2 protein chains.
Amino acid sequence: MQEQKMPVVAVVLAAGFGTRFDENNPKQLVSVGGKPIVCWSIEAFENNDRISDIIVVVNERVEETVNELIDEAGYAKVRAIVPGGAERVDSTLAALDLLKQAGIPSGAKILIHDGVRPFVEERSIDGCIDSLDQFNAATVAYASTDTILLTEDLGDRKVVKSVPERPNTFRAQTPQAFRFGTIVKAYELAAADPDFHPTDDTRVVVDYLPDEPVAIVDGSETNLKITTPSDMPIAEGIARSLDPEHAKEEAKARMHAVFAEAFSQMHSR
Amino acid sequence: MQEQKMPVVAVVLAAGFGTRFDENNPKQLVSVGGKPIVCWSIEAFENNDRISDIIVVVNERVEETVNELIDEAGYAKVRAIVPGGAERVDSTLAALDLLKQAGIPSGAKILIHDGVRPFVEERSIDGCIDSLDQFNAATVAYASTDTILLTEDLGDRKVVKSVPERPNTFRAQTPQAFRFGTIVKAYELAAADPDFHPTDDTRVVVDYLPDEPVAIVDGSETNLKITTPSDMPIAEGIARSLDPEHAKEEAKARMHAVFAEAFSQMHSR
């Protein structure tokens, strides 16, 4: 009897309403480097051979467009496009419910990714998959080059409360990866807590399964989360640096400028 | 008798050796958007009317070039270019010593800035100066859009230790601003501590003057610290977005392309 391979499922969360962005143009659909942000995010997993399945979580405002984009691009691993909820947590739960219904084994590897982090590197995705052989939870994170300040309120101002040692401060990125049984259990425990409103899946494990170590997987500065329109110039810069055509185009533009100069001199004589 | 205005001094730290950068091309001298990084940093203060004086701290490898750049640009507020030390702390101390020798009053406002943060916004500089009317210490910081993870070592891996509430997590940027008497006192107390090796001036106040609140001043995503070559595409993207000539140049390039097309068709007939 042949051993069945354990599924490695990417969940791409694209259900945010991006209230800090243009209301009429949801940020996951905005193009960067000529491609909608959500497509960059899906392709990162579509193009990784070790990912077996992709689930995309959407809201009602983007559902139709995301459906069309996926059809047009012909992504072969997208198994379902499911409606998410008001909070990030609800969107994760929607995906976990679907996987439960599909009877996925508790040992399956689940990588949950922010749909507005278009530039996740393949080595980070691989790092998540590998880390789950040793740990039941892992998260991509990027060592903070900035010193992190923990603050508290003093009247109407924020003031510094403490300054943790820099080598132990990381910026959480995504994907965040879990054995299916582990993330389901953490969310079940959390559901019983009325004060539960995490912004991050890793935190659900850290808070509700405190004995379960969550491993850090190397992220990158470029794996940024597009949150406000002011992130767009940075995102365009990264997209440009990733484009192999970029150097070619620049050379062409320089050549054109030389031709144009010759052309204009010829006509001015 | 006319009241003499209290000095507002910017200290630009450009003494880093940037070991994560090209060794033969110190990062503070690398050009971004056609201008050396250190010049962007100096100009941010040169162009702010409320800054009275600028001190630039250098190392022996960049001293001559920085001197030339400052002469060429004709920055009018640069009062001294002083040699720094091996550690960041030594560079801050070199500047404080110079200010002591100059007999600067203890109420003077001192803004200490990383020379490799070229894109600090004027409103952040103003925010520092204003905050020192209410507090003796303030730091520019940017609310973290990423969840911050505090880590610990587990064997050869980093694992998550705790996840602070996101609204109370900030990425320290610069300038970091102090009444002169406050930062001098903090460094005097720190000098007596053999374990003293902070990477950040704010931390010296937080650790050695714990009763002195340090106010948070709004920074920006674009006020990044250029640390590794991988930061350069992002920096170039920001520089491009700040350049008013950018749009004009793009239009010109398109026009050239049209001419060149016409030129090449003419010759292929």
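Residues numbered from 1 in each chain as written. Chains lettered and ligands numbered in written order. Predicted model: local features only at pLDDT ≥ 70, side-chain atom pairs only at ≥ 80, totals over all residues. Heavy atoms only, no water.

- As named in an unreviewed UniProt entry, chain A is 2-C-methyl-D-erythritol 4-phosphate cytidylyltransferase, taken from Bifidobacterium adolescentis.
- A UniProt comment under Pathway (unreviewed entry) is attached to chain A, and it reads "Isoprenoid biosynthesis; isopentenyl diphosphate biosynthesis via DXP pathway; isopentenyl diphosphate from 1-deoxy-D-xylulose 5-phosphate: step 2/6." (UniProt positions renumbered as here; feature names shortened; annotations may be inferred.)

## Description of the relation of the copies chain B and chain A
Here is step 1: With an axial shift of 0.0 Å and an RMSD of 0.1 Å, the rotation relating chain B to chain A amounts to 180°. Both chain copies can therefore be described as sitting about a two-fold axis.
Here is step 2: When the interface residues of chain B are mapped onto chain A, 98% of them again fall at the interface, so both copies present the same face. (Least-squares fit on C-alpha atoms with pLDDT ≥ 70 in both. Contact = heavy atoms within 4.5 Å.)

## Some details on the pairing of strand β7 (residues 137–143) of chain B
Residues and elements named next belong to chain B.
Here is step 1: For β7, the buried fraction is high: six of the seven residues fall into the buried class.
Here is step 2: As paired elements, β7 and strand β10 (residues 169–179) share six bridges and run antiparallel to each other. Pairing of Ala137 across the sheet is with Phe178, part of β10.
Here is step 3: The sheet contact formed by β7 and strand β11 (residues 214–218) spans five bridges and is parallel. Paired with Ala138 across the strands is Ala215, a residue of β11. (Buried < 20%, exposed > 50% of the residue type's maximum accessible area, 1.4 Å probe, protein only. Helix = DSSP H or I, 4+ residues; strand = E, 2+ residues; numbered from the N terminus. Pairing = 2+ DSSP bridges.)

## Notes on helix α3 (residues 88–101) of chain A
Residue and element names in this part refer to chain A.
Here is step 1: Look at α3: 20 Å from first C-alpha to last across 14 residues, which is about the 20 Å you get at 1.5 Å a residue.
Here is step 2: Of the residues making up α3, those classed as buried are Arg88, Val89, Ser91, Thr92, Ala95, Leu96 and Leu99. One side of α3 holds all its buried residues, which, seen down the axis, span an arc of 165°.
Here is step 3: Residues of α3 that are buried make contact with β1 (8–14), β4 (53–58), β6 (109–114), β10 (169–179), α5 (180–191) and α6 (201–208). (Expected span 1.5 Å × (residues − 1). Arc of directions from axis to C-beta.)

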